[in-house]
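A look at the structure
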Amino acid sequence: MTQERTGAQIMCEALIREGVEVMFGIPGGAIMPFYFAMWEYRDQLRHVLCRHEQGAGHAAEGYARATGKLGVCIGTSGPGTTNLVTPIADAMMDSTPLLAITGQVSSLVLGKDAFQETDITGITMPITKHNYLVKDINDLPYVFKEAIHIATTGRPGPVLIDITKDAMQARTVPNWDVKLNLPGYKPTYNPNAKQIREAIKLIQSAKKPLIMSGNGVIMAGAIEELAAFAERLRVPVITTLHGIGSFPEDHPLNIGMPGMHGWVHVNRAIQECDVLFNIGGRFDDRVTGKASTFAPNAQVIHVDIDPSEIGKNVKVAVPIVGDAKLTLQAFLEAMPGREDMAELHGNASDWMEHIREMQAKHQGKQQYVSRADTEAMSLPPHDVYDIMNRMINERGDYRICTDVGQHQMWAAQLLDWYRPRTHITSGGAGTMGFAVPAALGVAVACPNETVWAVCGDGGFQMTNQEMATIVQEGITNVKVAVINNGYLGMVRQWQELFENKRYSGTPLTGPDFAKLAEAYGWKGITVEHTEDVEAAMREAYETDGPVLIDFRVEREVNVFPMVPQGKSIGDMITDASQA
Amino acid sequence: MKKHTIVALVQDRPGVLSRVVGLVRRRGYNIESLAVGHSETPNVSRITMVVEWNDVDQVVKQLYRLIEVLKVSDVTNDPTVEREMVLVKLHAPAPKRHEIVSMCNVFDAKIVDVGVNTMVVEMTGTPAKVENFIEIVKPYGVKEMMRTGRVAMVRGARGHNAAEYAESSNGTNGQFAVNRN
Ligand SMILES: Cc1ncc(C[n+]2csc(CCOP(=O)(O)OP(=O)(O)O)c2C)c(N)n1
Ligand SMILES: [Mg+2]
């Protein structure tokens, strides 16, 4: 028989019932009843005390992105919840399953500007997939079930539950026999068979087909299906920033990343292709450049689980609403035999040859250092990535969280990516300060892997307080690489290229990061010369504990190639003189 | 930009109107009229919204992203019955009253209140007719006016039967309850 429970106990039990194991948060007045109850359930529900709610939110995102499971974060009313706004918006943009649990003032004073009262459901309405204000203890079992269902199904996203303090303190015998009532929420997982046949016909007739793979492929766990699909068709594959890892970069059909800092040959291939099959990507403007000039010759097949993404930015010939895995399975089943694809295979192979020729002409990974005199630089950032790439891949079992800026684009470009959920970054929102707390969440989820946070000196200084959380939690598998260029580098790059080097608000100082790390109880290492990179990385690996390496790189180096804002992706620049 | 009439069926839950309106606000569009009320099915509300916008298909798709939205259609080009009601408080001193009453008869308008120097008139009709009526009564002196905004229903068998889109469930006992009385 069920016994009487407080609302806060019901919340804990609801989370346990839904399989939640870890939560990241900070307590405060309105959420105290939940923390009081949590203590009883601490063997099943681990709580990670963060230093800032933004950190808690990004940690929950990191946990979710590394595992595909729900990430949970907690804040108290008022400032505790407004500090969660950035990670919630970030999770919305990148379709991350996130549950934010926030304490609200008592329903008796709700709406009366009570101490620490903020209308957080109002604030987060446009940046959540859904949100709830719960004032009645009897709603808790249902709302938690529905909220978690919504966050984790269809196109995943953040859901917030704001619970008044009195609802958490009230007592009742919970009724767990609740059935979801969501007549307006029925995600389409199975693709339409007719559309599949039409898409196949279109692909078969293509002379220059391309597959574009996005985050949806990773979220649906469709890695094997994508490989089988591409191999059966023998069509080149491009992976967007969030599609990185959905198709291994050493696969002969992988040609690389498109978009603003994608490769010249990839963007040119898009501009030339006649059929573009996009699965699980949303044609973000960082991918399309000026949308009206994007892929002008292509008939587009767009597979997405969210119908509102199809046709939003790019005109689509064959729309397919469905889950990436189920859709690819349906394609594999409906695919004609090899004889019927002979023509496509012939065309695709000529096309691939052409793309590889463009690639040979335009891409040398180390070639896009802006200055000709790399020789004279004591530590060009590209050297850091080059050595890091070799060392992480020699050891395997790594996850990399990147922050936002130049260092992020270099990581996407210069490291080789092979596995899904190894590249974890803030793409849609571009949230500086993401990497360190996200790495905390990833480390909690993946205790047996090495988790690198690759940050800029700007973003690192936004959220590095979570280094203390990492120590308190006894986490040893986080390593931070600060690509320290003394600038808000990505903004400085734009100023250099398009604003006549007016470095307004971009030169940046900081503390000695290695000393800061030591103060947190980490090992701190400073690297100023290329020849010291390897030793530092080795030391980081050999240290059983968190380590920070401050890579003091050459200050004014640009990320190339680049599509200038508002330009067509066909018009990439590869050095500063072309800007 | 063209005026569009959107009909939406939504689950009747706290905040649902705010979500629908927020989607329009986000794009900086102005809602010309908005009418919300119960449908024939319990716990399902019906919204008629008139907005001037150019990418209405995208907005309709995004409205579907809202969890509580059951059905949305742009009925601008469908055969519909459209009605709006207006209450007007007119300056109506005794000598003018007779004239106002006969004019109301022409419009099938009802006089619902008579004060010392005022009359409140209720008029229902197509939005065009309401517009027309307001123009006609303006010269008497309009002291107050309130329009309900347009409500629309598609003619014939096709349409928006809420029961088709709703589902019953045991729900909960609280405010998210479905079959609560
Ligand atoms: C929270 C936030 N504020 C501002 C920006 C705008 N922004 C984008 S990149 C960038 C510079 C980042 O500098 P740093 O972290 O040092 O990285 P770098 O580009 O130098 O590698 C800024 C300020 C942002 N993306 N996020
Ligand atoms: Mg920097």
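Residues numbered from 1 in each chain as written. Chains lettered and ligands numbered in written order. Predicted model: local features only at pLDDT ≥ 70, side-chain atom pairs only at ≥ 80, totals over all residues. Heavy atoms only, no water.

A few points about the overall build of chain B
Within chain B one finds five helices and nine strands. Along its sequence from the N terminus, chain B presents helices and strands in the succession β-α-β-β-α-β-β-α-β-β-α-β-β-α. Across its three principal directions, the C-alpha atoms of chain B cover 60 × 40 × 35 Å. Relative to its full complement of 181 residues, chain B shows a buried share of 44%. If you take every contact in chain B between residues at least 6 apart in sequence, the share linking residues at least 24 apart comes to 73%. Carbon and sulfur atoms provide 52% of the accessible area of chain B, an area that totals close to 9,300 Å². (Helix = DSSP H or I, 4+ residues; strand = E, 2+ residues; numbered from the N terminus. Buried < 20%, exposed > 50% of the residue type's maximum accessible area, 1.4 Å probe, protein only. Contact = heavy atoms within 4.5 Å. Areas by Shrake-Rupley, 256 points an atom, 1.4 Å probe, with all protein chains shown as cover.)

Brief notes about the domain arrangement of chain B
Residue and element names in this part refer to chain B. Domains assigned within chain B are domain 1 (3–78 + 158–165) and domain 2 (81–151). The C-alpha centroid of domain 2 is placed 29 Å from the C-alpha centroid of domain 1. Counting from both sides, the interface comprises six residues of domain 1 and, opposite them, five residues of domain 2. There are zero salt bridges connecting domain 1 and domain 2. Where domain 1 touches domain 2, the interface holds two residue pairs in polar contact (both at pLDDT 80 or more). (Domains from an automatic or database assignment. Salt bridge = Lys/Arg side-chain N within 4 Å of Asp/Glu carboxyl O. Polar contact = N/O pair within 3.5 Å; in protein donor to acceptor, adjacent residues only side chain to side chain.)

Let's talk about the packing of aromatic side chains
Think of a pair of aromatic rings as described by two things: how far the centres are apart, and how the planes are tilted against each other in angle. All names here are of chain A. Enumeration according to the criterion identifies 13 aromatic pairs over all chains in this entry. Relative to phenylalanine 294, the ring of phenylalanine 283 lies with its centre 5.6 Å away and its plane at 70°, an arrangement referred to as edge-to-face. One end of the pair, phenylalanine 283, is in the loop between strand E12 (275–279) and helix H13 (285–288); the other, phenylalanine 294, is in the loop between H13 and strand E13 (299–304), and 11 residues separate them in sequence. Residue phenylalanine 294 is classed as buried on the basis of its relative accessible area, which comes to 6%. Within the aromatic cluster, the residues linked to one another by ring pairs are Phe229, Phe277 and Phe331. For arginine 419, the ring lying beneath its charged end belongs to tyrosine 398, and the centroid distance is 5.5 Å. Lying over the aromatic face of tyrosine 487, arginine 555 brings its terminal NZ or CZ to 4.2 Å of the ring centre. (Phe/Tyr/Trp six-rings, centres within 6.5 Å; stacked < 30°, edge-to-face > 60°. Lys NZ or Arg CZ within 6 Å of the ring centre and 35° of its normal.)

Digging into the packing of helix H3 (residues 53–67) of chain A against helix H5 (residues 85–93) of chain A
All names here are of chain A. One can describe the packing of H3 onto H5 by two numbers: an axis separation of 7 Å at closest approach and a directional angle of 25°. When the axis of H3 is compared with that of H5, the two are roughly parallel. Contacts from Glu53, Gln54, Gly57, His58, Glu61 and Arg65 in H3 reach Thr86, Pro87, Asp90 and Ala91 in H5. Considering only residue class, the contact of H3 with H5 consists of two nonpolar, four polar and four charged. (Axes fitted to C-alpha atoms, helices over the stretch in contact; angles between N-to-C directions. Parallel < 35°, antiparallel > 145°, perpendicular 65-115°, else oblique. Nonpolar A, V, L, I, M, F, W, Y, C, P; charged D, E, K, R; others polar.)

Overview of the sheet that holds strand E17 (residues 450–456) of chain A
Backbone-to-backbone hydrogen bonds pair the strands of a sheet. The strands run either parallel or antiparallel. Residue and element names in this part refer to chain A. Across the sheet, which stays open at both edges, the six strands sit in the order E16-E15-E17-E18-E20-E19 with parallel pairing between neighbours. Every interior strand has two partners, whereas the edge strands, strand E16 (423–425) and strand E19 (523–527), have only one. Averaged over all neighbouring strand pairs, the angle between strand axes comes to 20°, with direction disregarded. Relative to strand E20 (residues 547–552), E19 is paired through five bridges, and the arrangement is parallel. Looking at the pairing, isoleucine 525 lines up with isoleucine 549 of E20. Each of E17, strand E18 (478–484), E19 and E20 is contacted by helix H23 (residues 533–542), which is oriented at about 165° to E20, the strand it contacts most. (Pairing = 2+ DSSP bridges.)

Here's the deal with the pattern of salt bridges
Tallied over the entire structure, the rule returns 37 salt bridges over all chains. With its nearest N and O atoms 2.7 Å apart, the salt bridge here joins Arg65(B) to Asp306(A). Taken together, the residues Arg65(B) in helix H2 (residues 56–65) and Asp306(A) in the loop between E13 and strand E14 (318–321) connect one chain to another. By relative accessible area, Asp306(A) is classed as buried at 4%. Where Glu394(A) meets Arg395(A), a salt bridge forms, and the shortest distance between an N and an O atom there is 3.9 Å. For Arg395(A), a relative accessible area of 37% translates into the label partly exposed. If you follow the salt bridges from partner to partner, you end up with Arg155(A), Asp306(A), Glu309(A), Lys312(A) and Arg65(B) in one network.

Topic: the site of ligand 1
All names here are of chain A. If you check the shell around ligand 1, you find 17 residues, and the closest are Gln406, His407, Gly430, Gly459 and Gly489. For ligand 1, a nitrogen atom lies 3.3 Å from a polar atom in the backbone of methionine 432. Here methionine 490 contributes a backbone N or O atom positioned 2.9 Å from an oxygen atom of ligand 1. Relative to its free-state accessible area of 580 Å², ligand 1 is covered by the protein chains to the extent of 76%. In terms of residue class, the shell around ligand 1 is built from seven nonpolar, nine polar and one charged. (Near = heavy atom within 4 Å.)

A few points about the coordination of the magnesium ion (ligand 2)
For a metal with four tetrahedral donors the ideal donor-metal-donor angle is 109.5 degrees, while six octahedral donors give ideal angles of 90 or 180 degrees. Residue and element names in this part refer to chain A. The protein atoms that coordinate the magnesium ion (ligand 2) are Asp457 (OD), Asn485 (OD1) and Tyr487 (O), at distances of 2.1 Å. One chain supplies every donor to the magnesium ion (ligand 2), and in sequence these donors are spaced D-x27-N-x1-Y. Of this pair, aspartate 457 sits in helix H19 (residues 457–463) while asparagine 485 sits in the loop between E18 and helix H21 (489–498); the two residues are 28 residues apart in sequence, bridging distant segments of the chain. (Donors = N, O, S within 2.8 Å, 3.2 Å for Na, K, Ca; no water.)

Here's the deal with the interface of chain B and chain A
The partner chain A presents 33 residues to the 29 residues of chain B that form the contact. Buried area between chain B and chain A, summed over both chains or domains, comes out near 2,400 Å², and the portion from carbon and sulfur atoms is 48%. Counting the contacts that link chain B with chain A gives three salt bridges. The residue Glu309(A) makes a salt bridge to Arg65(B) at a minimum N-O spacing of 3.7 Å. On the surface where chain B and chain A come into contact, there are eight residue pairs in polar contact (both at pLDDT 80 or more). (Buried area = accessible area lost by both parts, 1.4 Å probe.)

Focus on the domain arrangement of chain A
Residue and element names in this part refer to chain A. Each domain of chain A was delimited in the assignment, giving domain 1 (5–172), domain 2 (193–363) and domain 3 (372–559). Put simply, the middle of domain 2 and the middle of domain 3, counted by C-alpha atoms, are 31 Å apart. Both faces combined, the contact of domain 2 with domain 3 buries some 1,500 Å², and carbon together with sulfur accounts for 65% of it. The interface formed by domain 2 and domain 3 includes zero salt bridges. Where domain 2 meets domain 3, there are five residue pairs in polar contact (both at pLDDT 80 or more). Taken together, the residues of the side of domain 2 that touches domain 3 sort by class into nine nonpolar, three polar and four charged.

A few points about helix H18 (residues 435–445) of chain A
The periodicity of an α-helix, 3.6 residues per turn, causes residues three or four positions apart to be oriented the same way. In terms of burial, H18(A) is largely enclosed, as 10 of its 11 residues are buried. Along H18(A), the positions that sit buried rather than exposed are Ala435(A), Val436(A), Pro437(A), Ala438(A), Ala439(A), Leu440(A), Gly441(A), Val442(A), Ala443(A) and Val444(A).

Focus: the side chain of Glu466(A)
Residues and elements named next belong to chain A. Among the secondary structure elements, glutamate 466 is positioned in helix H20 (residues 466–472). One buried charged residue, glutamate 466, forms no salt bridge at all, with the nearest opposite charge on arginine 51 at 5.5 Å. Contact partners of glutamate 466, with chain neighbours within four places excluded, come to Cys50, Arg51, His52, Gly55, Val436, Pro437 and Leu440. (Lys, Arg positive; Asp, Glu negative; His and termini not counted.)

So, the pairing of strand E2 (residues 22–25) of chain A
Residues and elements named next belong to chain A. Neither face of E2 is open: one carries Val22 and Phe24, the other Met23 and Gly25, and all of them are buried. Relative to strand E3 (residues 46–49), E2 runs parallel, the two being bridged by four bridges. Bridged to valine 22 within E3 is arginine 46. Crossover connection from E2 via helix H2 (residues 32–38) to parallel E3: handedness right-handed. Sheet analysis places E2 next to strand E4 (residues 71–75), joined by two bridges and oriented parallel. Looking at the pairing, phenylalanine 24 lines up with cysteine 73 of E4. (Right-handed = clockwise from strand over helix to strand, strands pointing away.)

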